[in-house]
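Each chain, written out:
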Amino acid sequence: MMKPSIFSSNKLFKWGTIIGLAILSVVAVMFLLSALGFNQDFKVKETLAEEEAGTLENGQLNNGWIAETEAYVFYIDPGEMSPGTPEGNLIRRNRDWTGRMELTENPISYFTVSEDWIYYTDASDKDQLYRMKDDGSEKSQVIAETVYAFTIADNAVYYTTLDGLFRSELDGTAQTQLQSKGGTPTVTGDWVYYAEDKQSLSRIKTDGSENQQLLSDYEDYYLAESDVYYIQLTETEDESLFTLTLYQTENADTGATEIVVVQKVVTAQLDGGYLYYQLGKGEGRLEKGLYRVNLDGSGTERVNDITIWQLDYVLGDWMYILQYSGERYRIKLDGSAAVVFE
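Predicted model, so just to flag it, every value in this text is computed and none were measured.

S.K.: Explain the overall build of the protein chain here, please?
M.R.: When helices and strands are counted, the protein chain shows two helices and 29 strands. The buried share of the protein chain, reckoned over its 342 residues, is 46%. Once local pairs closer than 6 in sequence are excluded, the contacts in the protein chain between residues at least 24 apart make up 35%. Element-wise, carbon and sulfur atoms account for 48% of the exposed surface of the protein chain, whose accessible area totals about 17,700 Å².

S.K.: Looking at this model, I keep getting lost on the nonpolar core. Mind explaining?
M.R.: Nonpolar side chains in soluble globular proteins tend to be buried together. Counting residues in hydrophobic clusters, the biggest one holds 40 residues, and the most contacted among them are Phe74, Phe111 and Ile118. Examining the composition of this core, we find that five residues originate from one element, strand 3 (residues 72-76), more than from any other. Apart from the residues lying within four places of it in its own chain, the contact partners of Phe74 are Trp65, Ile66, Ala67, Thr69, Leu90, Ile91, Arg92, Leu103, Phe111, Val113, Ile118 and Asp134.

S.K.: I keep staring at the sheet that holds strand 10 (residues 149-153) and nothing clicks. Help me out?
M.R.: Strand pairing in a sheet relies on backbone hydrogen bonds, with the paired strands running either antiparallel or parallel. The strand order across the open sheet built from four strands is 10-11-12-13, with neighbouring strands paired in antiparallel fashion. The strands lining the two open edges of the sheet, one partner per strand, are strand 10 and strand 13 (176-179). Strand after strand, the sheet turns through a mean of 25° between neighbouring axes, direction not considered. Across six bridges, the pairing between strand 11 (residues 156-161) and strand 12 (residues 164-169) is antiparallel. Looking at the pairing, Ala156 lines up with Glu169 of strand 12.

S.K.: Would you mind showing me how to read the packing of aromatic side chains here?
M.R.: How two aromatic rings sit relative to each other is set out by the distance from centre to centre and by the angle between their planes. Counted by the stated rule, this structure contains 16 aromatic pairs. Each ring, one from Tyr218 and one from Tyr221, has its centre 5.9 Å from the other, and the planes form 85°; the classification is edge-to-face. A residue is classified by how much of its surface remains accessible, and Tyr218, at 5% relative accessible area, is buried. By relative accessible area, Tyr221 is classed as buried at 15%. Here the aromatic cluster, defined as three or more aromatic residues joined through ring pairs, consists of Trp65, Tyr110, Phe150 and Tyr313. In this arrangement the basic side chain of Arg92 is found over the ring face of Tyr72, its NZ or CZ atom lying 3.9 Å from the centre. Over the aromatic face of Trp117 sits the side chain of Arg131, whose NZ or CZ is 4.2 Å from the ring centroid.

S.K.: Where do I start with the confidence of the model for the protein chain in this structure?
M.R.: Should pLDDT be low for a region, the predicted coordinates there are not to be read in detail. Per-residue pLDDT for the protein chain averages 87, and the proportion of residues at 70 or more is 86%. Every residue in residues 1-39 scores below 50 in pLDDT, and together they form 13 contacts with partners more than four places removed in sequence or on other chains.

S.K.: I would appreciate a short explanation of the side chain of Thr243 in the present structure.
M.R.: On the secondary structure map, Thr243 appears in strand 20 (residues 242-249). There is a polar contact of 2.9 Å between the side chain of Thr243 and the side chain of Gln263. When sequence neighbours within four positions are dropped, the list of residues in contact with Thr243 reads Gln232, Leu233, Thr234, Thr236, Val261, Val262 and Gln263.

S.K.: Explain the pairing of strand 14 (residues 184-188) here, please?
M.R.: Successive residues of a regular strand alternate their side chains across the two faces of the sheet. Of the two faces of strand 14, only the one carrying Pro185 and Val187 is buried; Thr184, Thr186 and Thr188 on the other face are not. Here strand 14 folds back onto strand 15 (residues 191-196) in antiparallel fashion, the turn holding two residues, of which Gly189 has a positive phi close to 65°.

S.K.: In this structure, what is going on with the environment of Asn62? I would like to understand it.
M.R.: Here Asn62 is to be found in strand 1 (residues 61-62). The class for Asn62 is partly exposed, based on a relative accessible area of 29%. Along the chain, Asn62 and Leu315 lie 253 residues apart, while their C-alpha atoms are 7.9 Å from each other. At a separation of 2.9 Å, a polar atom in the side chain of Asn62 contacts the main-chain amide nitrogen of Val113.

S.K.: Which parts of the structure should I look at to understand the pattern of salt bridges?
M.R.: Two side chains bearing opposite charge may form a pair once their charged atoms approach each other closely. Enumeration according to the criterion identifies twelve salt bridges in this entry. A salt bridge links Lys288 to Asp41, with the nearest nitrogen and oxygen atoms 3.4 Å apart. Of this pair, Lys288 sits in the loop between strand 23 (285-286) and strand 24 (291-294) while Asp41 sits in the loop between helix 1 (6-35) and helix 2 (50-53), placing them 247 residues apart in sequence. Between Glu52 and Lys45 there is a salt bridge whose closest N-O contact spans 2.3 Å. Salt bridges sharing common partners tie together Glu68, Arg95 and Arg330.

Quick notes on the rules
Residues numbered from 1 in each chain as written. Predicted model: local features only at pLDDT ≥ 70, side-chain atom pairs only at ≥ 80, totals over all residues. Heavy atoms only, no water. Helix = DSSP H or I, 4+ residues; strand = E, 2+ residues; numbered from the N terminus. Buried < 20%, exposed > 50% of the residue type's maximum accessible area, 1.4 Å probe, protein only. Contact = heavy atoms within 4.5 Å. Areas by Shrake-Rupley, 256 points an atom, 1.4 Å probe, with all protein chains shown as cover. Core = buried A, V, L, I, M, F, W, Y, C linked by side-chain atoms within 4.5 Å. Pairing = 2+ DSSP bridges. Axes fitted to C-alpha atoms, helices over the stretch in contact; angles between N-to-C directions. Phe/Tyr/Trp six-rings, centres within 6.5 Å; stacked < 30°, edge-to-face > 60°. Lys NZ or Arg CZ within 6 Å of the ring centre and 35° of its normal. pLDDT = per-residue confidence, 0-100. Polar contact = N/O pair within 3.5 Å; in protein donor to acceptor, adjacent residues only side chain to side chain. Salt bridge = Lys/Arg side-chain N within 4 Å of Asp/Glu carboxyl O.

Take a look at the structure:
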C-alpha cells in the first residue's frame, strides 16, 4: 500500500486550515452584521424620529422590568437580563432613545414607576424596597425587608415578603398584613390579585377580606375589570410546539369559557388587551412574525414579519426581543423602527 507523502499530508492540512478559517470568517461576518443590525428583518437606528418614538398620553406602563412614561423609557440593564430574573442597573432614556442615564450604581431586580417616583428592589441590599425621583435623586428606603414583588395602586404599596402579602403607605409606614401567602400583586378595583409562579392565581379584598383562589396551572393571565383571561399551553408530539387555549373566567365558582385555540405555538403572552404569540414550523424551526388576537377571539392578525429568536416582552406598542447574535432590541410592533436595547 502506498503511503501518503509528507507533501500531500501538509497540503491537505493547509487546505483544511484555509477552509476552516474561511468558515470562521463567514460566521464572524454574519455575527457582526447581525450585531450591527444588518441582515435583519428590521432597520436599527441610533435615535428615533418623533413619530417613531410615539407618545404616551395617560399614566405609565409597567411590567416590573420595563416602564414607559410620557417623557422616558426605563429598563433594567439587559446585560444580565432574562425574562423573570433580570438584574442590573436601572437605565433611563428619552423616548427618542437619546440621553442614556444610569440611575442606580447598584443592580436592581424589579421596579415600578408611579408618577415622578420610581420604586425598586435593591439586589445589592437583599432586595429591600427603595424609592427615588425619576432623575435618580432623593433615594430612601421604604420597606426594610426582602421584597419579592410589589405594585403601587391607590396611594399605597402592595408587596410580598416571606411572611406574605402586605399593604403600606407610599413611604412604608402603616404596614398591614393582608395574607400569609404571597405572590406578584396586581390591584384592580377593590381586589388584590396575587400570582405564585404560574401555579396559582388568587385574589383578596384590599381590606384583607374574602380571599379566593381563581386559577392553577396557567402560562399567563390578564385582568380586564372583573374578568380574568388566561392561557394554557399543551405539549404536542413535537416538543418545540404547543397547543394554546385562551380562557375567560370571572371567579372560581362560574367556571371558565374557552375563547380560542391556536395550534403550533412556540411562545405566548397577554398584554394590553391582546394575546400575542409566535408560531413554529416544527423541529425547532420558527415562523416569521408575531401574531395577536383580541381577547374575544376576533381580529387575528400578523403584526410584523420579523424573525424573532426569543420574545422577551410586549409592552404597549413595542416588543423586546433577543436575537441569536446576543443583541437585544426594542422594536415597534409593526417593525417600522428598532433600537439596540442596551
